[in-house]
Structure formats: structure tokens, C-alpha cells
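# Descriptive structure summary
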Amino acid sequence: MWALILVSTLPLVTPFYVPGVAPMNFHQNSPVEIKAVKLTSSRTQLPYEYYSLPFCKPDNIIYKAENLGEVLRGDRIVNTLYTVLMNLDKKCEVLCKKPDDPIKLSMEESKLLAERIQEEYYVHLIADNLPVATRLELYPNKEEGVEEEQRKDTQKDIQFEHGYRLGFTENNKFYLHNHLAFILYYHKEKLEEDVEHNYRVVRFEVMPKSVKYEDIKADERNTCTLPETVAPIPQEIDPTKENRILFTYSVHWEESEVKWASRWDTYLTMSDVQIHWFSISWSSDDNILLPLHVYGFVWRILCRKTLPHS
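The following refers to the structure shown. (Residues numbered from 1 in each chain as written. Predicted model: local features only at pLDDT ≥ 70, side-chain atom pairs only at ≥ 80, totals over all residues. Heavy atoms only, no water.)

## Concerning the sheet that holds strand 18 (residues 248-255)
Heads up, the rule is: Two strands make a pair as long as DSSP finds a minimum of two bridges between them. Counting from the N terminus, the helices are the DSSP runs of H or I reaching at least four residues and the strands are the DSSP runs of E reaching at least two. Convention adopted: a line fitted to C-alpha atoms gives each axis, helices being fitted over their contacting stretch, and angles between N-to-C directions are expressed from 0 to 180 degrees.
The sheet built from six strands is open, its strands ordered 3-18-12-13-7-8 with mixed pairing. The open sheet has two edge strands with one neighbour each: strand 3 (90-94) and strand 8 (157-162). For this sheet the average axis-to-axis angle between neighbouring strands, irrespective of direction, equals 30°. Pairing between strand 7 (residues 133-138) and strand 8: six bridges, direction antiparallel. Pairing of Leu 138 across the sheet is with Asp 157, part of strand 8.

## A word on the nonpolar core
The cut-off we apply is this: Definition used in this section: a nonpolar core is a set of buried Ala, Val, Leu, Ile, Met, Phe, Trp, Tyr and Cys residues joined via side-chain atoms within 4.5 Å. Classification of residues uses two cut-offs on accessible area relative to the type maximum, computed with a 1.4 Å probe and protein chains only: under 20% is buried, over 50% is exposed, and between them is partly exposed. Residues are treated as being in contact if the distance between any of their heavy atoms lies within 4.5 Å.
Within the largest apolar cluster, 49 residues are counted, with the highest numbers of intra-cluster contacts made by Leu 125, Phe 182 and Phe 204. Listing elements by their share of this core, those giving two or more residues are strand 1 (34-40), strand 4 (103-105), helix 3 (107-118), strand 5 (122-127), strand 11 (173-176), strand 12 (179-189), strand 13 (198-209) and strand 18. When near neighbours in sequence (up to four residues on either side) are disregarded, Phe 204 contacts Ile 34, Leu 125, Ile 126, Ala 127, Leu 130, Pro 131, Val 132, Ala 133, Phe 182, Ile 183, Leu 184 and Tyr 267. One finds Val 94, Val 211, Cys 224 and Leu 246 within the second-largest nonpolar core, a separate group that totals eight residues.

## Considering the state of the cysteines
Put plainly, a disulfide is one covalent bond tying together the sulfur atoms of two cysteines. Applied cut-off: Disulfide: a pair of cysteine sulfur atoms within 2.5 Å of each other.
Taken as a whole and assessed by the stated rule, the structure comprises two disulfides. Covalently, Cys 56 is tied to Cys 96 through a disulfide, its sulfur atoms 1.9 Å apart. Between Cys 56 and Cys 96 the disulfide shows an S-S torsion of about -65°. By sign, it is left-handed. One end of the pair, Cys 56, is in the loop between strand 1 and helix 2 (68-73); the other, Cys 96, is in the loop between strand 3 and strand 4, and 40 residues separate them in sequence.

Nothing here speaks to function; it is all geometry.
As C-alpha cells, this is what we get:
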């Protein structure tokens, strides 16, 4: 009975304007701040703050004032060194340090990084309060052994997962995703003639890549060049010794027909596991959707008590 009452109180999910969250307007070349939120893993269910790992740090680390919803989710929203300007592409840039002076990880830092990779941790960033998502192209009907050229003709299923994988393991070795290719989508607001257009961020994607630091070339302006090969030698993290790494990133902008009020539609199609740790009211001091998480928590408890165990 309680479960039925609970379900009846759940609000319907449709595109809507959240009170207290106003659209952010940008002009050409306006800065779009990239912030870090946390690290999460579905295996451990333990969130960690972003700078618990040896990422590139600004000289002045500023944490955003947290509201109740962010506290309950374990969020520690903090600034980063990523420099992104509205509708201005960036091919490749070294985030900090230089190729001839890379980041030197101690054995303790290397071991911690390898442990987080093994535990399948995801890194969560936001741009204009939109969480970053990784695009997954799946081929459900693809037969094994099909060549790459034939795969292009196969119907693919596009899905998204929240955040990006810190790294991956292969043959008992640990590899770090040290290059982030950001893809941001903007919607251009129509205004009167001779008036500068307003741009609004409507999607934030990332394509993580692992590239060995010796293969990253850069000039005195920290503009870098990655290997042209499709599968470059990845950046290994050996937990038994010190490691040297470089963090790099690129930025690509695309215009979108999606309007600001509908920009959360992509995230609402993610599975329950993927959206469990964030809510639409990321920047809202009112936490309009906080009850959704409370409902979900209570619902799981009720199911455990009312449904028979297998």
C-alpha cells in the first residue's frame, strides 16, 4: 500500500523550466567555465572529491558553496584549469606542465590512481551546470568478425553514460585517460538585426583518450599535437614505481536545434544507475528535484521489505 501511494506521488518527467535556474547567455568567445564535481564508482558506491587524485590544480582552488542536494550526493564542485571559450575550437592544449617537464607521480600517487582505475571510477565535470556525458556507439546486431567498413552500414545504437571513465585495464596493466576531447553544443537565440547573438549551452560531451606522454608534442604556447594513429600507445600507470604523465584537452563546438528548456532530454534517457548520483537542479538553491532521490531511496527500502527474496 505504501509503495502504491509513493508511486502515485512521483511527478511526471517532461521538459520544464526549473524555478531558480535561469538560462545563462553567452556571447562569442565568452568564457564557459568547466568545473569538477567528484569521482564515483558503481562498484564501491563511495564518491571522492576531484582533487583527491593528482589532477592539474589551479593556484587558487575555489569550492562552490553547496546546497543540501549537493551535500547529500557528495558533490564538491570546484574550479579547474580547462579554458573554454564559446564557439571557439581548440585543437589540443597541454593543461599544465610541459612535455619536457611532465607531472611526476610518486609511487603512492601512482598506486592510488591505479586503484581508482581498477575500481572503475568515473570523473564528473560540468559546463554551465550540465554534466559531461560520454557517447557510446553500440552495434546490437553486429556479428563478430565484421570488418570496420561493413560496420559503417550497420544500424548503431547511440547511448550516453554520465561522466567519463578515469581509465581502463588491459592484461593486468592500468591505463589513464589523460586526453579529453570536449564536444559542446550551443543553441543560438534569434535576436533583432544588428544585435549580438546569445548562445546557450545545450549539451556537454567528452571523448576520453589515453596517450603516452612521450608521444605528445607541444610548443612554447602549450599547443600540442597528438599521434595521428587511431590507436596511440596508451599512458600506462605502473603502481610499483613513479610515473610521468601529461594532461591535455581539445574543444569542439557544434550548433544545435535543441533549445535550453529541452537540454536535459539526453540525460533523462540514461538508465537509473547512470543518473542515480545527479539531479537536474544542480545549481538550484531550492533543490526542486531533491524529493526524486528521496523517493528512490524509500522505494528501494519498500521493495526490499515487501518483495520476496530470490
